[in-house]
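One-letter residues, chain by chain:
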Amino acid sequence: MKELKYVHIVQEHLINASREKVFKALTQDTSSWWSHSIEEDSQVRFEAKLGGHFYEEFKQGGGFLYATVIWLKPGEEIELMGPMGWDGPVTGVFSYTLEEKGEGTLVKLEHKFFGPLSGETEGMYIEGWRELLGSNLKNYVEEGRKVR
């Protein structure tokens, strides 16, 4: 059963690469590491500008808007607002903050969302972000390993 819930997720992931390389992967190479798409043959796009869209474009036309960019400091921080995969009245804000950490980059994620959510939702999103950032993005940036 779904009830109105508020979820707040905070994670940090260290990637052994420059902040510029990580930012480029987040914003320009998103389809290479984003594995949580709605359709298998789609492209995940990220328009790194204020008001830009983060969306999935379906191969046969159409698509799904995940979020809109509401804050941007190129190479340092991105904040987006949108449903992030929900098809109901769920909304949220999530951000990536990139900090130099030795020769690597610390990617800080913060995701807050609210709406009619099931009891499993928070755990699913925690694991989803760990996979996306701590595994997929890290492996793509460090080793060039694509997921699609």
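Residues numbered from 1 in each chain as written. Predicted model: local features only at pLDDT ≥ 70, side-chain atom pairs only at ≥ 80, totals over all residues. Heavy atoms only, no water.

1. Things to note about a nonpolar patch on the surface
Now for step 1: Taken together, L4, Y6 and F114 make up a surface patch of nonpolar side chains, about 350 Å² in accessible area.
Now for step 2: Here L4 shows up in strand β1 (residues 3-15).
Now for step 3: Residue classification places L4 among the exposed positions, given a relative accessible area of 60%. (Patch = residues over 30% accessible without salt bridge, like charges linked within 9 Å, V, L, I, M, F, W, Y side chains within 5 Å. Areas by Shrake-Rupley, 256 points an atom, 1.4 Å probe, with all protein chains shown as cover. Salt bridge = Lys/Arg side-chain N within 4 Å of Asp/Glu carboxyl O. Helix = DSSP H or I, 4+ residues; strand = E, 2+ residues; numbered from the N terminus. Buried < 20%, exposed > 50% of the residue type's maximum accessible area, 1.4 Å probe, protein only.)

2. Description of the pairing of strand β3 (residues 53-57)
Now for step 1: The pairing of strand β2 (residues 43-46) with β3 spans 4 bridges and is antiparallel. Along β3, the bridge assignment pairs F46 with F54.
Now for step 2: The turn joining β2 and β3, which pair antiparallel and follow one another in sequence, is formed by 6 residues; a positive phi near 80° is taken by G51.
Now for step 3: Both β3 and strand β4 (residues 63-73) contribute to a ladder of 5 bridges, which runs antiparallel. Considered in β4, the bridge of E56 is made with F64. (Pairing = 2+ DSSP bridges.)

3. Here we look at the nonpolar core
Now for step 1: By size, the foremost hydrophobic cluster in this structure holds 35 residues, and its most contacted members are W33, W34, Y96 and W129.
Now for step 2: Mapped onto this core, the elements with two or more residues apiece are β1, α1 (19-27), β2, β4, β5 (77-81), β6 (91-101), β7 (104-117) and α3 (121-143).
Now for step 3: For this core, the element with the most residues is α3, which contributes 7 residues.
Now for step 4: Among all residues touching Y96, those that are not within four sequence positions of it are L26, W33, W34, E76, E77, I78, K108, L109, W129 and L133. (Core = buried A, V, L, I, M, F, W, Y, C linked by side-chain atoms within 4.5 Å. Contact = heavy atoms within 4.5 Å.)

4. Overview of the pairing of β7
Now for step 1: Both β1 and β7 contribute to a ladder of 13 bridges, which runs antiparallel. Counterpart to Y6 in the pairing with β7 is F114.
Now for step 2: Looking at chain direction, β6 and β7 are connected through 11 bridges and run antiparallel. The residue bridging K101 from the neighbouring strand is G104, located in β7.
Now for step 3: In this structure, the hairpin formed by β6 and β7 is closed by a connection of 2 residues, where G102 is found at a positive phi of approximately 65°.

5. Examining the packing of aromatic side chains
Now for step 1: By the definition in use, this model includes 12 aromatic pairs.
Now for step 2: Summarising the aromatic geometry, the rings of W34 and Y66 are spaced 6.0 Å apart at their centres and angled 45° between planes, so their arrangement reads as tilted. Remark: Y66 occurs in strand β4 and W34 occurs in the loop between α2 (30-33) and β2; sequence separation between them is 32 residues.
Now for step 3: Residue classification places Y66 among the buried positions, given a relative accessible area of 3%.
Now for step 4: Between F46 and F54 the ring centres are 5.4 Å apart and the planes differ by 45°, which places this aromatic pair in the tilted class.
Now for step 5: Of the aromatic side chains, those joined through ring pairs into one cluster are W33, W34, F46, F54, F64, Y66, F94, Y96 and W129. (Phe/Tyr/Trp six-rings, centres within 6.5 Å; stacked < 30°, edge-to-face > 60°.)

None of the figures reported here should be taken as evidence of function without further support.
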